[in-house]
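Architecture and fold: a report
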Amino acid sequence: MEGLKVSDANLVVYVHPSKSTKVQQAVLRELSSLLFKFSENFDGVVLAYDFQIQDKIAKILPGFHPYFAVRLKAKLLLFAPKPNMLLEGKVVKLTQTSIHVIVLGFSSAIISDEDIREEFNYKIKHGDEQFGSRSHKRHVIKVGTVIRFLVKSFDEEILHISGSLVPANTGSIRWLARHLEEFSLTERSPRKRGESEGELVIQEQAYSLNNDNRIKKSKKHRISEES
Amino acid sequence: MGAEEFVNNNSKSRGFHEMEEDGFDNFTDSELVYHVRDALNSVSSGDNESYNQLVGVMYHTDRLAPDEVALLVTSLKALSGAVSYIDNAIHETLLSSIFRINMWNYGPDVMDALLELIISLAASNGKHVELCLEMLVSNFTPPYSFMGILKQPRGIARKDQVLSRVHSALKHIADLVPLAPSKLSTIVSQKIPIYAKEPLVVIYMENMLKLESGAIGEFLRSTMLMALMDTLIDLDVDIGWDDILQDDSSKGIFQMEIEDVDEIADYDEEDGTEEVLLQFPRELSRKTLGGNSTAEKLDSLMVVTFEHLKSCEASGRLIEVFEPLLDSFRITVLTAYKSKFSQFVMFYACALDPENCGVRFAVLLADIFVCEEYPLPFRMSAISYLASYLSRANFLSAPLVASMLKRLVDWCFEYCKTKGGEMNPTSHRLFYSGCQAIMYVLCFRMKSMIDVAWFKPHLLLIEPILKHKLSPLKVCLPSIVDEFCRQAEAALLFTSSEEFNFNYLLESEHSRAFGGMERLDMFFPFDPCLLRKSDSLQEMHSILRPPFPLSSPISSPISPHPNIGFIRPHFVYWSMVRPPYDDDEGISDEDVVEQELDLDVSKMSITPRDPLSYWISNGLEEPRGMPARIRPSTSPESL
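Residues numbered from 1 in each chain as written. Chains lettered and ligands numbered in written order. Predicted model: local features only at pLDDT ≥ 70, side-chain atom pairs only at ≥ 80, totals over all residues. Heavy atoms only, no water.

- Looking at an unreviewed UniProt entry, one finds chain B named RNA polymerase I-specific transcription initiation factor RRN3 and attributed to Fagus sylvatica.
- Per UniProt, the comment on chain B under Sequence similarities (unreviewed entry) is "Belongs to the RRN3 family." (UniProt positions renumbered as here; feature names shortened; annotations may be inferred.)

- Chain A has the name DNA-directed RNA polymerase subunit in an unreviewed UniProt entry, where Fagus sylvatica is given as its organism.
- Quoted verbatim from the Subcellular location (unreviewed entry) heading of the UniProt record, the comment on chain A is "Nucleus".
- Heading Function (unreviewed entry) of the UniProt record for chain A holds this comment: "DNA-dependent RNA polymerase which catalyzes the transcription of DNA into RNA using the four ribonucleoside triphosphates as substrates."

1. Concerning the interface of chain A and chain B
- Each partner contributes residues to the interface: chain A has 24 residues there, and chain B has 22 residues.
- Carbon and sulfur atoms supply 56% of the area that chain A and chain B bury against each other, a total of about 2000 Å² over both sides.
- Applying the counting criterion to the chain A and chain B interface returns three salt bridges.
- The salt bridge partner of Asp155 of chain A is Lys127 of chain B, with a shortest N-O separation of 3.9 Å.
- Between chain A and chain B we count four residue pairs in polar contact (both at pLDDT 80 or more) in total. (Contact = heavy atoms within 4.5 Å. Buried area = accessible area lost by both parts, 1.4 Å probe. Salt bridge = Lys/Arg side-chain N within 4 Å of Asp/Glu carboxyl O. Polar contact = N/O pair within 3.5 Å; in protein donor to acceptor, adjacent residues only side chain to side chain.)

2. Quick word on the domain arrangement of chain B
- Parsing chain B into structural domains produces domain 1 (29-179) and domain 2 (367-527).
- The gap between the C-alpha centroids of domain 1 of chain B and domain 2 of chain B is 62 Å. (Domains from an automatic or database assignment.)

3. Notes on the packing of helix H6 (residues 92-99) of chain B against helix H8 (residues 126-138) of chain B
All names here are of chain B.
- At their nearest, the axes of H6 and H8 sit 10 Å apart, and the two run at 30 degrees to each other. The orientation of H6 relative to H8 falls into the category roughly parallel. On H8, the residues that touch Leu95, Ile98 and Phe99 of H6 are His128, Leu131, Cys132 and Met135.
- Class assignment for the residues of the contact of H6 with H8 results in six nonpolar, one polar and no charged. (Axes fitted to C-alpha atoms, helices over the stretch in contact; angles between N-to-C directions. Helix = DSSP H or I, 4+ residues; strand = E, 2+ residues; numbered from the N terminus. Parallel < 35°, antiparallel > 145°, perpendicular 65-115°, else oblique. Nonpolar A, V, L, I, M, F, W, Y, C, P; charged D, E, K, R; others polar.)

4. Comments concerning the packing of aromatic side chains
All names here are of chain B.
- Within the structure shown, the criterion is met by 35 aromatic pairs over all chains.
- Note on Tyr385 and Phe526: the rings are 5.9 Å apart at their centroids and 75 degrees apart in plane angle, and the pair reads as edge-to-face. Taken together, the residues Tyr385 in helix H20 (residues 376-392) and Phe526 in the loop between helix H26 (509-515) and helix H27 (532-535) connect sequence positions 141 residues apart.
- The exposure class assigned to Phe526 is buried, which follows from its relative accessible area of 0%. (Phe/Tyr/Trp six-rings, centres within 6.5 Å; stacked < 30°, edge-to-face > 60°. Buried < 20%, exposed > 50% of the residue type's maximum accessible area, 1.4 Å probe, protein only.)

5. Some details on a nonpolar patch on the surface
- A surface patch of nonpolar side chains, amounting to about 230 Å² of accessible area, comprises Met1, Leu4 and Leu104 of chain A.
- Along the chain, the position of Met1 of chain A falls in the segment before strand E1 (4-15). (Patch = residues over 30% accessible without salt bridge, like charges linked within 9 Å, V, L, I, M, F, W, Y side chains within 5 Å. Areas by Shrake-Rupley, 256 points an atom, 1.4 Å probe, with all protein chains shown as cover.)

6. Overview of the environment of Leu104 of chain A
Residues and elements named next belong to chain A.
- On the secondary structure map, Leu104 appears in the loop between strand E7 (98-103) and strand E8 (107-112).
- Residue classification places Leu104 among the partly exposed positions, given a relative accessible area of 41%.
- Each C-alpha atom of the pair Leu104 and Leu150 lies 15 Å from the other, and the pair is 46 residues apart in sequence.

7. Points about unusual backbone geometry
All names here are of chain A.
- Phi is positive for Leu104, which is not a glycine, with a value near 55 degrees.
- At His126, a residue that is not glycine, the phi angle is positive and equals roughly 50 degrees.
- Mapped onto the elements, His126 comes out in the loop between strand E9 (120-125) and strand E10 (128-133).
- Assessed through its relative accessible area of 78%, His126 is described here as exposed.

As structure tokens, this is what we get:
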């Protein structure tokens, strides 16, 4: 899955004098307030952190409240989805007009029906709503399926992703993993698409998720996309 | 289903009303959805006709005929399918028309369609989430027009329909948008209608507590409980001490307390005198308090809280609720310094689970007192709470009280040794408040403390503490010192070498000095709770004394309160205490009735144990005596 990165950061945390005997606790508290919020500084949503205090000596700020500046070296796990990245998430709700997905347990994503490729057809089977592929009978998306989708946009405030199932390499992960080989070969031929306008050439690293853990080298794919 | 189908759809040209005329049955759901999408899209190109018709349907709310209801339901359902086309800027009028719909005015089918739309809206676009949550929260309370029928069966049924749906919608949104609960807790806390009429505030609070105990409770628990305490405190401080306080420093603390107000009121009326009840410095007149609408509001909210706590205890959840409650007590109530009633929430929670919560509360207060990092008034406030709590809670075991006292005694003793000096009320405030606390608790619990065998050495430490150069006996509240000395002498614990002649003063300049600006020398937070419903025994009275007119001046038409006295069954009134010097007090007829009253209390109340056993037994296996109706100041000159 793309969009996750680990960054090294040099941070300074300003600690109130009343916490001078509990600096570790104060720093933890301060860093915790960053969690699950988008930070412009780090260009991503902070998911986890690990830090080491660099110095036992800290500079005291001049001014009304003598906060002291604790220097840290931190490792931050950041989530920064950008358009055209591929993400994975679990489907929590399916309607005729949309698929609702949750990514990493906290970020909600929606794929509306105009961003679901023609291949998929909404139907109700055995009382369950699902999107099934017309060309591959086994390729089914229903509530609980983990799918891979393309990021269209990301709302930084509410951490809401708008996604797309248009590219051919999106869909149920389980199915994609099994058919990745044959899939990537047929990928090269242009697929029939309605009014497709423009193409985008992107660099992509495809990972296979099966137990072999084979990592494909980067490939250039032509992916048609509706603008 | 793909984009092309939409483009090819030929229902584009029809207006909404044309479709309506044809009868909606002729159209499939998807056609309706396409039409709505179309209407939404054409707004940006200037063609507003269908869009405006749609908005008009949303606005048409009064007295809907069945077909109009059907139109509304169909429109809402069609909109649900088109949520991704709704833009919060372009379609602002439509959104505001949807959000102002109040579910209380409609039947279940409209509610369901509306909620489906709201949930889809929230899930479709992050920008809508907050507005959707706000809309749901504003449906916590009925519109003003509904207030009249709230108590009627149809009102109750509607309330149940609305609230169950609102809460399940909140759960659905939380499932689809995992970060929604944190937004929700902010919205709920900010929108508390604290200054609205009592029924509205009460319903809102019920909703908050329902959120706390509901499916998404774990994310909302601490914020909801914190907001609850904040609300109680806000109302509490609005009730002014000064308006009602009668500053009469000649009355003592240990004189008759207002526990049978109704009886006194009755007595007043018979006399025909305008004599107001005996006023006490820290006790508010029920007469004046009754008309106070803020007090009524606070009372109702506390009853809602008590009932919630009781149900938590019944379902085994009290511990998980108690911790956030304790946190908010420490942060909000303890720092308010002169909270009047809100602290009884803690009292009641402790009463429901004395072994865990009761102990935890006492330990927290003691910990705060001894912790050097906290500011002085905070620590003094904590010790005032502790002293009042240990004295007034009848559900605390003697060993627990003894262990708390032990900590205090040890601390005071240590203080004398390390920081002792000359008498100085302002420099040694903490010490004096500690001594006063010890004396106060012992005034209530002398006998039972003597009975705790391992506590004896600490009891003996008290004498050197009190006789130290710091002279706590001169600085602490004279009435407490007086009572303590008399009890201690009678119990052969301690003989004061000096004669203290206080002239039955309540306070002195020294006590004022150590009490400081907040007057923490005279702060007994768990003195009898004067909020009627929280404390009352009104149902009790009506059972045991039928002709009793319940003529308390504050009584509104009294509907039988479903719960019998929350606080009273767990509370120690001064009259229940048997100080060592009153051993020979006889039993009067009056007391027989009193005892019957109390026996019935224990039968009917939820307190599992006999509330009086800790007080009466003196280790000699005396048959459990009647709580003698003591006039504590037994000397003739007292009032």
